[in-house]
Amino acid sequence: MAATASDSEITKSDKYSILLPTYNERENLPIIIWLIVKYLDNSGYDYEVIIIDDGSPDGTLDIAKQLQKIYGSSKIVLRPREKKLGLGTAYIHGIKHATGNFIIIMDADLSHHPKFIPKFIELQRQHDYDVVSGTRYREDGGVHGWDFKRKLISRGANFVTQLLLRPGASDLTGSFRLYKKDILQKLIDSCVSKGYVFQMEMIIRARQLEYTIGEVPITFVDRVYGESKLGGSEIVQFAKALLYLFATT
């Protein structure tokens, strides 16, 4: 009975810090914050949203300040930076200010729906996973809003990665995940990649360090407002990083 009470106490004290890196997300930010608040408040989980804006010229930070006034500084935490410094460093910056023992990372462009967050949390609690990753490539997961070329690139990249690296997870390039905070810090410390390929290396390092990984099928939706930040240079970076990881892991 004592062990059960202890487990219950741990569960009650769990807090989830949602890291939301932003760059030119003025239109999307109010919607994603509203959805996060809606689904997390209904679930009863303790949480905070840490907005890490990288000097967006479109006024994203001004919108974030207004949202903080609406929802409160305990829920919306602003930790801006002066310029765009990369996704990996945004997470490092966010972790420093996170008060939760779990970290959720997701995109601010509405491609990741907050309705899946409670499913991530439930799966993690059931199996005590170190990492829970959203996957587009299992069961009823999928992608909406992409043309055939982009779907082909995504599927092809994932297939080649599975073939070469055997990562033990079905979606390597996704960026919608839940981590135990200490595990995320160790993974970031072990990674050498920057930008788009950073997410892939995180899963490879997790497998290498024998951390447990669970998966939740998600529906990925192409951004509603703004332009995709994935271009030709990112695809070249991906190919180089894939070869590097193949040679070193």
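Note that the coordinates shown come from a computational prediction; the quantities given were computed from them, not determined experimentally. (Residues numbered from 1 in each chain as written. Predicted model: local features only at pLDDT ≥ 70, side-chain atom pairs only at ≥ 80, totals over all residues. Heavy atoms only, no water.)

**Structural notes on unusual backbone geometry**
Phi is positive for Asn24, close to 55°, though the residue is something other than glycine. When its relative accessible area of 27% is taken as the criterion, Asn24 is described as partly exposed. The phi torsion at Asp128 lies on the positive side, around 55°, for a residue other than glycine. The residue Asp128 is located in the loop between helix H5 (117-127) and strand S5 (131-135) in this model. (Buried < 20%, exposed > 50% of the residue type's maximum accessible area, 1.4 Å probe, protein only. Helix = DSSP H or I, 4+ residues; strand = E, 2+ residues; numbered from the N terminus.)

**Things to note about the environment of Arg205**
Inspection of the secondary structure assignment puts Arg205 in helix H8 (residues 198-208). For the pair Arg205 and Lys186, spaced 19 residues apart in sequence, the C-alpha separation works out to 9.5 Å.

**Brief notes about the pattern of salt bridges**
Taken as a whole and assessed by the stated rule, the structure comprises six salt bridges. Two residues, Glu48 and Lys15, come together in a salt bridge whose shortest N-O distance is 3.7 Å. Remark: Lys15 occurs in strand S1 (residues 15-22) and Glu48 occurs in strand S2 (residues 46-53); sequence separation between them is 33 residues. Between Arg81 and Asp54 there is a salt bridge, and its shortest N-O distance comes to 2.8 Å. One end of the pair, Arg81, is in the loop between strand S3 (76-78) and helix H4 (87-97); the other, Asp54, is in the loop between S2 and helix H3 (60-71), and 27 residues separate them in sequence. Of the residues examined, Arg81 reaches a relative accessible area of 11% and is grouped as buried. (Salt bridge = Lys/Arg side-chain N within 4 Å of Asp/Glu carboxyl O.)

**Let's talk about helix H7 (residues 181-190)**
Those residues of H7 that sit buried are Ile183, Leu184, Leu187 and Ile188. Within H7, the buried residues cover an arc of 135° as seen down the axis, which keeps them to one side. Lining the buried residues of H7 we find H4, strand S4 (102-105), S5, strand S7 (177-180) and H8. (Arc of directions from axis to C-beta. Contact = heavy atoms within 4.5 Å.)

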